[in-house]
Amino acid sequence: MASARHDQRTGADAIVDGKAEAIAELMLEVAQCFFRIRALGQKTGLITSWGGGAYGFMRSLALLGPLTVPQIAQMRPTSRQRMQRLADELAAEGLVEFIDNPKHRRSKLVQLTRKGAARYGELNAQLMAIASTMGVALDEADIRKTAEVVRQLSNDVKVRSEQLG
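Nothing here was measured: the structure is a model prediction, and the numbers come from that model. (Residues numbered from 1 in each chain as written. Predicted model: local features only at pLDDT ≥ 70, side-chain atom pairs only at ≥ 80, totals over all residues. Heavy atoms only, no water.)

### A short note on the overall build of the protein
On a plain count of helices and strands, the protein comes out with six helices and five strands. The order of α-helices and β-strands along the protein, N terminus first, is β-β-α-α-β-α-α-β-β-α-α. Looking at the 165 residues of the protein, the share that counts as buried comes to 21%. Summarising the internal contacts of the protein: among those between residues at least 6 apart in sequence, 43% fall at separations of at least 24. (Helix = DSSP H or I, 4+ residues; strand = E, 2+ residues; numbered from the N terminus. Buried < 20%, exposed > 50% of the residue type's maximum accessible area, 1.4 Å probe, protein only. Contact = heavy atoms within 4.5 Å.)

Structure (structure tokens):
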């Protein structure tokens, strides 16, 4: 049901319907959940102390094989420079290595080392152990449907963000 709301910033009255309110509430809940996930990830080593997603970076390499830093950055809402910093950090730890790229002389490929593949396996097992203790009141179908809804919302946000510049 639509209702009138006064916007304090613009001074205008906006018509807001129940679906819009629900989407806004979902977005805010997802954001709050993200920050909690990030804090948990930092405590468990899934996310570096400065916020880089070491696990996600290594997961991309484990699932897709060697990639360039720009390719990895394109998969995330982040800059190439941030992903380069993470790649360099992981390389310094011996978890990834830079190899020649047959398609591009200057843009090296990043791949997991044996140590990196083992560490990814450990992190993945740790994530599954944490995940297995959560959401006990939800069934698998609800969780999968929620993941799909969040994925669709994320794609809509990405499109809107690209339209804005």
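That covers the picture; the talk isn't over yet.
### A word on helix α1 (residues 18-44)
Compared with the 39 Å implied by 1.5 Å per residue over 27 residues, the 38 Å span of α1 between its first and last C-alpha is a close match. Just downstream of α1, Gly45 is the residue with a positive phi angle, here 90°. (Expected span 1.5 Å × (residues − 1).)

### Thoughts on the nonpolar core
Counting residues in hydrophobic clusters, the biggest one holds 20 residues, and the most contacted among them are Phe57, Met58, Leu61, Met83, Leu90 and Val96. The biggest single contributor to this core is helix α2 (residues 54-64), with five residues. Setting aside its immediate chain neighbours within four residues, Val96 contacts Phe57, Leu61, Ala87, Leu90, Ala91, Val110, Gln111, Leu112 and Thr113. (Core = buried A, V, L, I, M, F, W, Y, C linked by side-chain atoms within 4.5 Å.)

### Topic: the sheet that holds strand β3 (residues 67-68)
Spatial strand order, β3-β5-β4: three strands in an open sheet with antiparallel pairing. Only two strands of the sheet have a single neighbouring strand rather than two, namely β3 and β4 (96-101). Here β4 pairs with strand β5 (residues 104-112) via five bridges, running antiparallel. Paired with Ile99 across the strands is Leu109, a residue of β5. (Pairing = 2+ DSSP bridges.)

### Points about the side chain of Ser60
Looking at the secondary structure, you find Ser60 in helix α2. Residues contacting Ser60, with those up to four places away along its chain left out, are Gly65, Leu67, Met75 and Arg76.

### Concerning the pattern of salt bridges
Going through the model one piece at a time under the given rule, you end up with four salt bridges. One salt bridge connects Lys108 with Asp100, and the closest N-O pair in it is separated by 2.4 Å. Judged by relative accessible area, which is 36%, Lys108 ranks as partly exposed. On the basis of relative accessible area, Asp100 is assigned to the exposed category, the value being 57%. Among the salt bridges present, the one from Glu148 reaches Arg151, with a minimum N-O distance of 3.2 Å. Here Arg151 and Glu148 lie together in helix α6 (residues 140-163), a separation of three residues that amounts to about one turn. Glu148 gets classed as partly exposed once you look at its relative accessible area, which sits at 30%. (Salt bridge = Lys/Arg side-chain N within 4 Å of Asp/Glu carboxyl O.)

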